[in-house]
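A look at the structure
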Amino acid sequence: MIVCVAVVGHQNNPLYIQSFTESDDALKLHHIVHCSLDVVDERVNNPKKSGPMLNDTFLGLLYPTENYKVYGYLTNTKVKFILVTTDLDVKDADVRNFFRKFHAAYVDAVSNPFHVPGKKITSRNFAERVANIVKAFGLNPSS
């Protein structure tokens, strides 16, 4: 189950953070997202050590914690997408598919002529699309 998704700007400024839990652990999830930025920077700045190719935007599993797994994705414009999940047996193909859909929703949101680049994403349409993508995560592996 996805518990949090985030969009972080190229200057590590949060553009969108949404938690999908009933409990009151939003602050903890924000902290996990913030800590994952160090791992993203390390993988981007040291590509030889970390494995993924320079042209691969999917960063894979950034780090596991006791209760969560954190995945990352980096766009060509250095905007970072972070996914926090409680599932311990997530397939990389499912996560890649999630990030592909999430990236498409992000592109549509920032292509809005009323959106100011570098500012928080406040679009209700974007929030609804993200919620639908999160609900569909892992349901049908063929899509």
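Check the entry above for the structure.
I will try to describe carefully the structure that is included in this document. All figures in this text were calculated on a predicted structure; none of them were measured in a lab.

Concerning the overall build of the chain
Looking only at helices and strands, the chain features four helices and five strands. Going from the N terminus to the C terminus, the chain shows its helices and strands as β-β-α-α-β-β-β-α-α. In the chain, which comprises 143 residues, the proportion classed as buried is 40%. When contacts within the chain are restricted to residue pairs at least 6 apart in sequence, long-range pairs at least 24 apart make up 54% of them. Element-wise, carbon and sulfur atoms account for 53% of the exposed surface of the chain, whose accessible area totals about 8,500 Å².

A closer look at helix α4 (residues 124-136)
Its 13 residues place the ends of α4 18 Å apart at the C-alpha level, agreeing with the 18 Å of an ideal helix rising 1.5 Å per residue. Burial in α4 covers these residues: F126, V130, I133 and V134. Projected onto a plane normal to the axis of α4, the buried residues spread over an arc of 100° and lie on a single side. Of the residues in α4, the exposed ones pointing more than 90 degrees away from the buried face are R124, E128 and K135. Where the residues of α4 are buried, they touch β1 (2-8), β2 (14-19) and α3 (92-110). Sitting at the head of α4, S123 places a side-chain oxygen 3.3 Å from the backbone nitrogen of N125.

Some points on the packing of aromatic side chains
Enumeration according to the criterion identifies ten aromatic pairs in this entry. Both rings, one in F81 and one in F102, keep their centres 4.9 Å apart while their planes meet at 70°; by these two values the pair is edge-to-face. One end of the pair, F81, is in strand β5 (residues 80-85); the other, F102, is in helix α3, and 21 residues separate them in sequence. The same class applies to F81 and to F102, which are both buried. Summarising the aromatic geometry, the rings of F98 and F99 are spaced 5.6 Å apart at their centres and angled 65° between planes, so their arrangement reads as edge-to-face. The exposure class of F98 is buried, given its relative accessible area of 3%. Taken together, the ring pairs in this structure connect Y16, F58, Y73, F81, F98, F99, F102, Y106, F126 and F137 into an aromatic cluster.

Concerning the sheet that holds β5
Strands sit in the order β2-β1-β5-β4-β3 across an open sheet of five strands; the sheet is antiparallel. Each of the sheet's edge strands pairs with one partner strand only, and the pair in question is β2 and β3 (58-64). On average, each strand axis in the sheet is inclined to that of its neighbour by 15°, with strand direction left out of account. Pairing between β1 and β2: five bridges, direction antiparallel. By the bridge assignment for β2, V8 is matched with P14. Those strands touched by helix α1 (residues 26-45) are β1, β2, β3, β4 (69-74) and β5, and its axis lies near 125° from that of β3. Packing against the sheet, α3 makes contact with β1, β2, β3, β4 and β5, and its axis sits at approximately 135° to β5.

About the thresholds
- Residues numbered from 1 in each chain as written.
- Predicted model: local features only at pLDDT ≥ 70, side-chain atom pairs only at ≥ 80, totals over all residues.
- Heavy atoms only, no water.
- Helix = DSSP H or I, 4+ residues; strand = E, 2+ residues; numbered from the N terminus.
- Buried < 20%, exposed > 50% of the residue type's maximum accessible area, 1.4 Å probe, protein only.
- Contact = heavy atoms within 4.5 Å.
- Areas by Shrake-Rupley, 256 points an atom, 1.4 Å probe, with all protein chains shown as cover.
- Expected span 1.5 Å × (residues − 1).
- Arc of directions from axis to C-beta.
- Polar contact = N/O pair within 3.5 Å; in protein donor to acceptor, adjacent residues only side chain to side chain.
- Phe/Tyr/Trp six-rings, centres within 6.5 Å; stacked < 30°, edge-to-face > 60°.
- Pairing = 2+ DSSP bridges.
- Axes fitted to C-alpha atoms, helices over the stretch in contact; angles between N-to-C directions.

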